[in-house]
Amino acid sequence: MEFTNLLLVYPEIPATYWSYKHALSFIGKRALMPPLGLATIAAMVPEQLSCRILDMNVEPLTDDDLLSADLVLLSAMLVQRESFQSVVSRCNRLGVPVAAGGPYPTSCPEEMGGVDHLVLNEGETTFPRFIRDYQLGRADAVYSDTDRPDIRTSPVPRYDLLSLEWYDTIPFQFSRGCPFRCEFCDIVHLFGNVPRTKTPEQFIRELDAAYRTGFRGSAFVVDDNFIGNRRQVKALLRAVASWQEIHGMPYHFATEASIDLAQDDELLDLMVSAGFVMTFIGIESPSESSLSEAGKAQNLRLDVVEAVRKIQSRGIEVTAGFIIGFDTDPEDIFDRQITFVDELDVPIAMVGLLMALPHTRLYQRLEREGRIIEGSNGNNTHGLTLNFTPRRELAELAAGYRRVLREIYRPRNYFARCLRLLRHYPEHMPNEEKRADRKIGFREITGLVRSLVRQGFSWYGLSYIMYVVRALLLKPAYVVRVFTMAVQGHHFFTITRELLRGEEELAKAGRQDVGRRAQPSERRQAGTARPAAARVGNQEAVGGPIFDNRM
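A quick note: this is a predicted structure, and the numbers were derived from the prediction, not measured.

Undergrad: With reference to specific residues and values, describe the overall build of the protein.
TA: Counting its secondary structure elements, the protein contains 19 helices and 14 strands. Expressed as a percentage of the 551 residues in the protein, the buried residues total 62%. The long-range fraction of contacts in the protein, counting pairs at least 24 apart against all pairs at least 6 apart in sequence, stands at 80%.

Dropping the structure here:
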């Protein structure tokens, strides 16, 4: 049979803290970011083949879509398991061949029943071999290669195949790998301890490709640690700053970095000049013993509050990750986490329960200790279940975690952090004078009106109105950021209420299963929440600008 049509499918992602579902509706968007991995894989498809990307988070997948394809290629992370398996079942029912890659298939190959071909690990090494063999009619069942590819060979992603009008943020990637070895993190296993980078020229070509689509506004560099190779990233930032100035600062960048970013003034200055407005940092815990247990040495070498404040003072928002459930967490860890988030003036605080991901030093240690219960579901903020036996009583841990979420996302507490953050910002927004279009556009105006109406008349309307008035009096130049933080807050308030209400209903029904021991048939190898096709790229929705995303 002639092979001509390839359909690349990205399964649905459930609503979580990371999804921004309840914020995106304010600006008419359907998802935070498109699948960068699939866009990169698409660039490796031979020219003689027809290639289409379908993201189920922005459009439905019909049987006609599947039947029009000679081969369906799925990429998924673990939290997409249910949608992934549904698509596989539909392909099987319709007789459409299916291949799969990405974090979920790579971490859990034993769950890939119904998949005809597995294309695992990093796509630059495995996908070209697979697609060549498939064209010749001799494809193997599994393609796997643990070699670390030189990502300077990675092609420019096919941004032109994405329906970018439905997304808030456009993703890019510069590096893979991290120089640190945190016990709970699987990045070293997935991508290595030595960061591999693209060239500045290569990254600029990707910026050019994205720019040609007409997309403007929020951009996310999806590296797990953007500053892992400082010499290379400084060269990149100089090139990006020049490109941005030539093009009128069309993008506002966000990324992920380690806390030692604060120790490099030159790096901070370069990030500001290149248009970076946010960075996610894994802060994890106020407890030194917990940080030491986790191998988070970089966080022990400096004053974290002072470091965060320094980054904020440059006009770069810090969003942060926090973890509860370390063996050495003190008795008062819940109160300390609440106070710590408040002290840092970090509005967006992603607090999750500790999760033992496969192949991490944490998983291996807990397995040796006989404490692994079941596999991870890839979501450490919903469900409130653990995949290992903690030192603390499970009910106490779950109740304390709920209290942390309730307090940090109580509207008045969240808005108070937003106001304090604005006070740390420079008086004038960096790079504002370099923007070619400095006017607030139709999308921003629409978002502002929806915010005023929907939030002003909501159950937290008084707190919202007091925040908006105070914020605009304090920093009128930051009007877009003022409303962006308000709309983001709506998502966190809503998702927190949904989570807590769901847990309360389970408890009332006598079905509370926090920390229950899984039955053998339920146990699964844990996976990692890293959306990518055959682990090309990796992106986490850790927040970013919601407004100012003109097309």
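Undergrad: Describe the packing of aromatic side chains, listing the residues and the values that go with them.
TA: Taken as a whole and judged by the stated rule, the model has 33 aromatic pairs. Taken together, the ring pairs connect Tyr17, Tyr20, Tyr409, Tyr414, Phe415, Trp459, Tyr460, Tyr464, Tyr467, Phe492 and Phe493 into an aromatic cluster. Stacked on the ring of tryptophan 166, the Lys or Arg arginine 30 has its end atom at 3.4 Å from the ring centre.

Undergrad: Before we move on, can you summarise the sheet that holds strand S6 (residues 142–143) with the specific residues and values?
TA: The 6 strands are arranged S2-S1-S3-S4-S5-S6 in an open sheet whose pairing can be described as parallel. Unpaired on one side and paired on the other, strand S2 (50–55) and S6 mark the two borders of the sheet. Here strand S5 (residues 117–119) pairs with S6 via 2 bridges, running parallel. Within S6, the position partnered with valine 119 by the bridge is tyrosine 143. Across the sheet, helix H4 (residues 81–94) is in contact with strand S3 (71–75) and strand S4 (98–101); its angle to S3 comes to roughly 170 degrees. Here helix H6 (residues 123–135) sits on the sheet and contacts strand S1 (5–10), S3, S4, S5 and S6; the angle it forms with S5, its principal contact strand, is near 150 degrees.

Undergrad: An account of the side chain of asparagine 225 is needed here, citing residue identities and associated values.
TA: Relative to the helices and strands, asparagine 225 resides in the loop between strand S10 (217–221) and helix H9 (230–246). Residue class for asparagine 225 comes out buried when judged on its relative accessible area of 2%. With residues up to four places along the chain from it excluded, the contact list for asparagine 225 reads Ser175, Cys178, Pro179, Phe180, Glu256, Ala257 and Ser258.

Undergrad: Can you break down the packing of helix H16 (residues 411–424) against helix H18 (residues 461–474) residue by residue, with the values?
TA: Two numbers describe how H16 lies on H18: the axes approach to 10 Å, and their chain directions differ by 5 degrees. When the axes of H16 and H18 are compared, the pair comes out roughly parallel. Contact with H16, carried on its side by Pro411, Arg412, Phe415, Cys418, Leu419, Leu422 and Arg423, involves Ser463, Tyr464, Tyr467, Arg470, Ala471 and Leu474 of H18 and no other residues of that element. Partitioned by chemical class, the residues of the contact of H16 with H18 number 9 nonpolar, 1 polar and 3 charged.

Undergrad: So what's going on with the side chain of serine 175? Residues and values would help.
TA: The residue serine 175 is located in strand S8 (residues 175–176) in this model. Judged by its relative accessible area of 3%, serine 175 is buried. Reaching out from serine 175, the side chain makes a polar contact with the side chain of aspartate 223 at a distance of 2.7 Å. Discounting residues that sit within four places of it in the chain, serine 175 has contacts with Ile151, Arg196, Thr197, Asp223 and Asn225.

Undergrad: Account for the environment of alanine 235, naming residues and giving values.
TA: Within the secondary structure, alanine 235 is located in helix H9. Residue alanine 235 is classed as partly exposed on the basis of its relative accessible area of 31%. Expressed as a C-alpha distance, the spacing of alanine 235 and threonine 199, which sit 36 residues apart in the sequence, is 8.8 Å.

Undergrad: Please give an account of the confidence of the model for the protein that cites residues and values.
TA: Close inspection of predicted coordinates is inappropriate for parts of the model with low pLDDT. Averaged over all residues, the pLDDT of the protein equals 90, while 89% of them reach at least 70. Low confidence marks residues 511–551, where pLDDT is under 50. Its contacts with residues over four positions away, or in another chain, come to 207 contacts.

Undergrad: Mind laying out the pattern of salt bridges, listing which residues take part and the relevant values?
TA: Tallying each qualifying case throughout the model produces 39 salt bridges. One salt bridge connects arginine 392 with glutamate 396, and the closest N-O pair in it is separated by 2.9 Å. Given the relative accessible area of 34%, glutamate 396 is considered partly exposed. Within this structure, Glu183, Glu293, Asp327, Arg365, Glu369, Arg371 and Arg391 form a network of salt bridges that share partners.

Undergrad: Can you lay out unusual backbone geometry for me, pointing to particular residues and giving the numbers?
TA: Across the chain, the bulk of peptide bonds are trans and the bulk of non-glycine residues have phi less than zero. With phi around 55 degrees, aspartate 345 is a residue other than glycine that occupies positive phi space. The residue aspartate 345 is located in the loop between helix H13 (333–344) and strand S14 (349–353) in this model. Of note, asparagine 431 is a non-glycine position whose phi angle comes to about 70 degrees, a positive value. Tracing the chain through its elements places asparagine 431 in the loop between H16 and helix H17 (442–456). According to the relative accessible area criterion, asparagine 431 is buried, its value standing at 11%.

Undergrad: I'd like a description of the environment of glutamate 444, backed by residues and values.
TA: Mapping glutamate 444 onto the fold places it in helix H17. Along the backbone, glutamate 444 and phenylalanine 483 are 39 residues apart, and their C-alpha atoms lie at a distance of 9.4 Å.

Undergrad: Talk me through the pairing of S14; I want residue IDs and the actual numbers.
TA: Of all the 5 residues making up S14, 5 are buried; the element is thus mostly covered by neighbouring parts of the structure. The alternating pattern of S14 places Ala349, Val351 and Leu353 on one face and Met350 and Gly352 on the opposite face, and all of these are buried. Read from strand S13 (residues 317–324) through H13 to S14, the crossover connection turns out right-handed.

Undergrad: Lay out the sheet that holds strand S12 (residues 276–284) with the relevant residues and their values.
TA: Across the sheet, which stays open at both edges, the 6 strands sit in the order S7-S10-S11-S12-S13-S14 with parallel pairing between neighbours. Two strands bound the open sheet, and with one partner strand each, they are strand S7 (169–172) and S14. In this sheet, neighbouring strand axes are inclined to one another by 20 degrees on average, regardless of whether the strands run parallel or antiparallel. Here S12 pairs with S13 via 6 bridges, running parallel. Residue pairing for S13: isoleucine 281 is matched across the bridge by alanine 320. Sitting on the sheet, helix H8 (residues 200–212) touches S7, S10 and strand S11 (251–256), and the angle it makes with S7 is about 155 degrees.

What counts and what doesn't
- Residues numbered from 1 in each chain as written.
- Predicted model: local features only at pLDDT ≥ 70, side-chain atom pairs only at ≥ 80, totals over all residues.
- Heavy atoms only, no water.
- Helix = DSSP H or I, 4+ residues; strand = E, 2+ residues; numbered from the N terminus.
- Buried < 20%, exposed > 50% of the residue type's maximum accessible area, 1.4 Å probe, protein only.
- Contact = heavy atoms within 4.5 Å.
- Phe/Tyr/Trp six-rings, centres within 6.5 Å; stacked < 30°, edge-to-face > 60°.
- Lys NZ or Arg CZ within 6 Å of the ring centre and 35° of its normal.
- Pairing = 2+ DSSP bridges.
- Axes fitted to C-alpha atoms, helices over the stretch in contact; angles between N-to-C directions.
- Parallel < 35°, antiparallel > 145°, perpendicular 65-115°, else oblique.
- Nonpolar A, V, L, I, M, F, W, Y, C, P; charged D, E, K, R; others polar.
- Polar contact = N/O pair within 3.5 Å; in protein donor to acceptor, adjacent residues only side chain to side chain.
- pLDDT = per-residue confidence, 0-100.
- Salt bridge = Lys/Arg side-chain N within 4 Å of Asp/Glu carboxyl O.
- Right-handed = clockwise from strand over helix to strand, strands pointing away.

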